[in-house]
Amino acid sequence: CGSPNFLPLGVQLELAICGNFMKYDYNVLMKEIYEEVRALGIPVSGNIEPEVQINTRAKKRYGRCMRLHGEKYEYRIEVSAYLEDKDENCVRSVLAHELLHTCPRCMNHKLLWKTYADKMNDAYSYCITATTKEALVEYEEKPVKYMLQCTKCKRQFPRMKLTAVVQHPERYHCGCGGKIIRLF
């Protein structure tokens, strides 16, 4: 059994997910990785939604850890359906990456999160990193309509929509403290 290859990739992935013939059982992998994290003494949350969600639209990120407010579980983890094309170590690394975000003070990629990631990498030969430059699928970059820039650090902020910051950049400041200007 397999998905019909004459359909667009997105439709094939939808069929694969709905037909339940995914290459990886993300829920089983998540449980295994959860035990690995605990075995290293890393304080991962015990209140994570048990079903890993599959996102068929995510093309730029491998996974996401969401903090839930006012729900039964405190965290939900989702992975891109395009992760199916990656090897198991990559999949496990993504799941471990997202699991580490459930540790106290680790919803970012600061020193504590990096310490835990290094511990996992050393113990289990994962390749957990804060970000990746590799795209999940080929997609066309849309032309940028507006470009903002910090006058101090020269960081640029591409924008597609005519938002408040685009209309009134003088009201905003960069993280470095510099003023924002609109280039085009």
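Structure: above.
Since the structure is predicted, the reported quantities are computational estimates derived from the model, not experimental observations. (Residues numbered from 1 in each chain as written. Predicted model: local features only at pLDDT ≥ 70, side-chain atom pairs only at ≥ 80, totals over all residues. Heavy atoms only, no water.)

A. Structural context of the overall build of the protein. A tally of helices and strands in the protein yields five helices and six strands. Secondary structure elements in the protein, listed N-terminal to C-terminal, are α-α-β-β-β-α-α-β-β-α-β. Across the 184 residues that make up the protein, the buried fraction comes to 39%. For the protein, the proportion of contacts with a sequence separation of at least 24, taken over those separated by at least 6, is 56%. Carbon and sulfur atoms make up 51% of the accessible area of the protein, which amounts to about 11,500 Å² in all. (Helix = DSSP H or I, 4+ residues; strand = E, 2+ residues; numbered from the N terminus. Buried < 20%, exposed > 50% of the residue type's maximum accessible area, 1.4 Å probe, protein only. Contact = heavy atoms within 4.5 Å. Areas by Shrake-Rupley, 256 points an atom, 1.4 Å probe, with all protein chains shown as cover.)

B. Spotlight on the pairing of strand β3 (residues 75-80). Within β3, five of the six residues are buried, which leaves the element mostly enclosed by the surrounding structure. Direction of pairing for strand β1 (residues 53-55) relative to β3: parallel, over a ladder of three bridges. Paired with Asn55 across the two strands is Ser80, which belongs to β3. Two elements, strand β2 (residues 63-67) and β3, share five bridges in a ladder whose sense is antiparallel. Following the sheet pairing, Arg64 is matched in β3 by Glu78. (Pairing = 2+ DSSP bridges.)

C. Representation of the sheet that holds β2. Across the sheet, three strands lie side by side as β1-β3-β2; this open sheet has mixed pairing. Two strands bound the open sheet, and with one partner strand each, they are β1 and β2. On average, adjacent strands in this sheet sit at an angle of 30° to one another, irrespective of strand direction. (Axes fitted to C-alpha atoms, helices over the stretch in contact; angles between N-to-C directions.)

D. Structural context of the environment of Leu112. One can find Leu112 in helix α4 (residues 111-124). With relative accessibility at 26%, the residue Leu112 sits in the partly exposed group. A C-alpha to C-alpha distance of 9.8 Å links Leu112 and Leu100, two positions twelve residues apart in sequence. Beyond its immediate chain neighbours, meaning those up to four positions away, Leu112 contacts Pro104, Arg105 and Cys106.

E. Quick peek at the pattern of salt bridges. The final tally for this structure, using the stated rule, is eight salt bridges. Across the salt bridge formed by Arg92 and Glu32, the nearest N and O atoms sit 2.8 Å from each other. Of this pair, Arg92 sits in helix α3 (residues 88-100) while Glu32 sits in helix α2 (residues 26-39), placing them 60 residues apart in sequence. Residue classification places Glu32 among the partly exposed residues on the basis of a relative accessible area of 37%. The partner of Glu74 in a salt bridge is Arg67, with the nearest N and O atoms 2.6 Å apart. Since its relative accessible area comes to 25%, Glu74 is described here as partly exposed. Residues participating in the shared-partner salt-bridge network are Glu32, Glu36, Glu88 and Arg92. (Salt bridge = Lys/Arg side-chain N within 4 Å of Asp/Glu carboxyl O.)

F. Up close: the nonpolar core. Within the largest apolar cluster, 33 residues are counted, with the highest numbers of intra-cluster contacts made by Tyr26, Leu95, Leu99, Leu100 and Met120. Among the secondary structure elements, those contributing two or more residues to this core are α2, β3, α3 and α4. The dominant element in this core, judged by the number of residues it contributes, is α3, at seven residues. Membership of the second largest hydrophobic core comes to eight residues, among which are Leu148, Cys150, Val166 and Cys174. (Core = buried A, V, L, I, M, F, W, Y, C linked by side-chain atoms within 4.5 Å.)

G. Local environment of α2. The end-to-end C-alpha distance of α2 is 20 Å, a good match for the 20 Å that 14 residues give at a rise of 1.5 Å each. Regarding α2, the residues found buried are Tyr26, Asn27, Leu29, Met30, Ile33, Tyr34, Glu36 and Val37. Gly41 lies just past α2 and shows a positive phi near 80°. (Expected span 1.5 Å × (residues − 1).)

H. Representation of a nonpolar patch on the surface. A cluster of nonpolar residues, Val144, Met160, Ile181, Leu183 and Phe184, forms a patch on the protein surface that exposes about 400 Å² of accessible area. Take Ile181: it is sitting in strand β6 (residues 180-182). Ile181 sits in the partly exposed class, given a relative accessible area of 37%. (Patch = residues over 30% accessible without salt bridge, like charges linked within 9 Å, V, L, I, M, F, W, Y side chains within 5 Å.)

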